[in-house]
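Architecture at a glance
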Amino acid sequence: MKKGKTEKTNAARLLDKAGISYELIPYEVDENDLAAGHIASQLGEPIEQVFKTLVLEGDRTGHFVCVVPGDTEVDLKAAAKVSGNKKCDLIPMKELLPLTGYIRGGCSPVGMKKPFPTYFHSTALDFPYIYVSAGVRGLQFKIAPSDIIGYVGAQTADLTKK
């Protein structure tokens, strides 16, 4: 990403239109390390505040989204239960772009091709702000958790392994 003016993403334009305040925070992308830990170290923020967006498919309700802290793994049993499924699994990587319009490492809970039921890990509300992808690799939203949770119509739940 070049220095200077940061290009607005579609997700950022949607938040602008809704009157939701946020900051766009650029970071250096490492194609070999798309993990949230890399992003957190680039931003100088605790990993618990950098959330990753995961797309899952349930056996009853179809696709849904879980947004969890970067240092955790989604608990598939907990995710299935909260989403009204008996079981669920992460979607295959090749389905991410056609389904959401986003690529791995740049998947935002804002502005997917169609709205999916979305669940944020409950710890998001422990922070004054969290980071989530702004829709492209190399750019994060710094945003109040209640604002983004409200905008995407998400619920909060305990979604991670203990």
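Cut-offs used in this document
- Residues numbered from 1 in each chain as written.
- Predicted model: local features only at pLDDT ≥ 70, side-chain atom pairs only at ≥ 80, totals over all residues.
- Heavy atoms only, no water.
- UniProt positions renumbered as here; feature names shortened; annotations may be inferred.
- Helix = DSSP H or I, 4+ residues; strand = E, 2+ residues; numbered from the N terminus.
- Rg over C-alpha atoms; globule rule 2.2 N^0.38 Å.
- Buried < 20%, exposed > 50% of the residue type's maximum accessible area, 1.4 Å probe, protein only.
- Contact = heavy atoms within 4.5 Å.
- Areas by Shrake-Rupley, 256 points an atom, 1.4 Å probe, with all protein chains shown as cover.
- Core = buried A, V, L, I, M, F, W, Y, C linked by side-chain atoms within 4.5 Å.
- Pairing = 2+ DSSP bridges.
- Axes fitted to C-alpha atoms, helices over the stretch in contact; angles between N-to-C directions.

The name given to the protein chain in an unreviewed UniProt entry is Cys-tRNA(Pro)/Cys-tRNA(Cys) deacylase, with the source organism recorded as Candidatus Cryptobacteroides merdavium. UniProt lists a comment for the protein chain under the heading Sequence similarities (unreviewed entry), and it reads "Belongs to the prolyl-tRNA editing family. YbaK/EbsC subfamily."

**Remarks on the overall build of the protein chain**
A count of helices and strands for the protein chain gives 5 helices and 8 strands. Ordered by position from the N terminus, the helices and strands of the protein chain form the series α-β-α-β-β-α-β-α-β-β-β-α-β. Taking 162 residues into account, the globule formula puts the C-alpha radius of gyration at 15 Å, and the protein chain, at 15 Å, falls close to it. Dimensions of the protein chain along its principal axes, counting C-alpha atoms only, are 50 × 30 × 30 Å. Out of the 162 residues belonging to the protein chain, those deemed buried represent 48%. Contacts in the protein chain between residues far apart in sequence, at least 24 positions, make up 60% of those at least 6 positions apart. Within the structure as shown, the protein chain displays about 8,400 Å² of accessible surface, and the carbon and sulfur contribution to it stands at 52%.

**Brief notes about the nonpolar core**
In terms of nonpolar packing, the biggest core is built from 30 residues, with V55, F120, I130, V132, F141, I143 and I148 touching the most fellow members. At the level of elements, α1 (10-17), β2 (51-58), β3 (62-69), α4 (93-100), β6 (130-133), β7 (139-143) and α5 (145-152) are the ones that each hand at least two residues to this core. Not counting residues within four places of it along the chain, the set of residues in contact with V132 comprises F51, V67, P109, F120, Q140, F141 and I148. By size, the runner-up hydrophobic cluster in this structure holds 12 residues, among which are C66, V68, A80 and L159.

**Regarding the UniProt feature "domain: YbaK/aminoacyl-tRNA synthetase-associated" (unreviewed entry) in the protein chain**
The sites that carry the UniProt feature "domain: YbaK/aminoacyl-tRNA synthetase-associated" (unreviewed entry) are, in the present numbering, residues 39-148. Secondary structure content for residues 39-148 is 22% helix and 29% strand, and the end C-alpha separation is 19 Å.

**Side note on the sheet that holds β6**
What the 3 strands build is an open sheet, ordered β1-β7-β6; its pairing is antiparallel. Only two strands of the sheet have a single partner each, and these edge strands are β1 (23-26) and β6. Across the sheet, the axes of successive neighbouring strands diverge by a mean angle of 35°, strand direction being ignored. Alignment of β6 against β7, held across 4 bridges, turns out to be antiparallel. Opposite Y131, over in β7, you have K142 as the bridge partner.

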